[in-house]
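# Structure at a glance
If you want the building blocks of each chain, they are given just below.
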Amino acid sequence: MNPRPRIHLTEVAPRDGLQAEACFVPSADKIALIDMLSRSGLAKIEVTSFVSPQAIPALADADAVLGTIHRAPEIIYTVLVPNLRGAERALPLRPDEFNLVMSVSESHNRANLRRSCEESFSALREVVALARTAGIAINVSLSTAFGCPYEGEVAQARVLDWAWQFFDLGVDSIALCDTTGMAYPAQVSTISAAWARRWPLETLTLHFHNTRGMGLANVLAGAAAGVRRFDASLGGLGGCPYAPGATGNVCTEDVAHMLELQGYDCGIDIDILLAASERLQKLVGHEVPGQILKAGRRLERRPAAIVKR
């Protein structure tokens, strides 16, 4: 009997989710949430971002959070570093990985980072050099890889060319990000196959948003194509402020529930994820988009309703 294919999930809510929230979640609550997620079987957790506190006040406590969480040895703890200054600030706290971000469409990169793609690449080259010297792994998240809200279709050749350039610098892995929720399953299958012809699929993570309701279908398309690494956000939190109409990331507990039913092994304790998602709702002060938290798992039993006549 063949073992079930193993899927590795990266939890991005502590960074990608909380940065989009209007309220500031206290450091102690962030730390407790991350420690809870560390017991759920996730492969990687994106802890925070070392961006300017003025730019993203919700993550102004990055140093305190990364320096205080209890790290499980089997989990990769990654942090977003936007530039060399952020990388130098994070370095003494020894994250397992730096996550670097750049859009592959010029207009979105200028809106998000206020630079051309070439200018961003040049700046990130310095961060890669620092990380290589320090022995820290590097992932690059390529935003708008499945479409740009300003330019429309983004050529697959352009996406793969930027991946080539970053691999030439010596990065370890790349995430292709559906920043605006424009991806669809056939497109996911095509680019995953193109990737597999060039590089090992172990170097690829797929990051989907559910803006147009195709997030879970896109995860299934990627998994069927052999991709084994996916980003997801607890409760489905998140969204890009420079992508008009963009909603949250695919929901971690919904993705894990679906993939387990489809015969994949995520190694996830969904009870812990659901408890964490319930806690997250209280921290942000509103209902989260995830469906399993509301409806329960597929075979979850509930008391029969008695209808009075």
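The paragraphs below set out a description of the structure included in this document.

What counts as what
- Residues numbered from 1 in each chain as written.
- Predicted model: local features only at pLDDT ≥ 70, side-chain atom pairs only at ≥ 80, totals over all residues.
- Heavy atoms only, no water.
- Pairing = 2+ DSSP bridges.
- Helix = DSSP H or I, 4+ residues; strand = E, 2+ residues; numbered from the N terminus.
- Axes fitted to C-alpha atoms, helices over the stretch in contact; angles between N-to-C directions.
- Contact = heavy atoms within 4.5 Å.
- Salt bridge = Lys/Arg side-chain N within 4 Å of Asp/Glu carboxyl O.
- Buried < 20%, exposed > 50% of the residue type's maximum accessible area, 1.4 Å probe, protein only.
- Parallel < 35°, antiparallel > 145°, perpendicular 65-115°, else oblique.
- Left-handed = near helix turned anticlockwise from the far one by under 90°.

## Comments concerning the sheet that holds strand S1 (residues 8-11)
Pairing within the closed barrel is parallel, and its eight strands lie in the order S1-S2-S3-S4-S5-S6-S7-S8. For this sheet the average axis-to-axis angle between neighbouring strands, irrespective of direction, equals 25 degrees. In this sheet, strand S5 (residues 137-143) lies alongside strand S4 (residues 97-103) in parallel orientation, the contact comprising seven bridges. Paired with leucine 100 across the strands is valine 140, a residue of S5. In the packing of helix H10 (residues 252-261) onto the sheet, contacts are made with S1 and strand S8 (229-232), and the angle to S1 comes to roughly 170 degrees.

## Quick word on the environment of glycine 135
Inspection of the secondary structure puts glycine 135 in the loop between helix H6 (117-134) and S5. In this structure, the C-alpha to C-alpha distance between glycine 135 and alanine 183, residues 48 residues apart in sequence, is 34 Å.

## Examining the pattern of salt bridges
For the structure shown, the criterion picks out 11 salt bridges. A salt bridge links aspartate 172 to arginine 132, with the nearest nitrogen and oxygen atoms 3.4 Å apart. Placement of the pair is aspartate 172 in the loop between helix H7 (156-169) and strand S6 (173-177) and arginine 132 in helix H6, with a sequence separation of 40 residues. Look at aspartate 172 and you get partly exposed, because its relative accessible area is 36%.

## Focus: the packing of helix H2 (residues 27-37) against helix H11 (residues 270-284)
Orientation of H2 relative to H11, taken along the N-to-C sense of each, is 165 degrees, at an axis distance of 9 Å. When the axis of H2 is compared with that of H11, the two are roughly antiparallel. Considering how the two elements wind past one another, H2 and H11 form a crossing that is left-handed. For the pair formed by H2 and H11, the contact residues are Asp29, Ala32, Leu33, Met36 and Leu37 on the first element and Ile272, Leu273, Ala275, Ala276, Arg279, Leu280 and Leu283 on the second.

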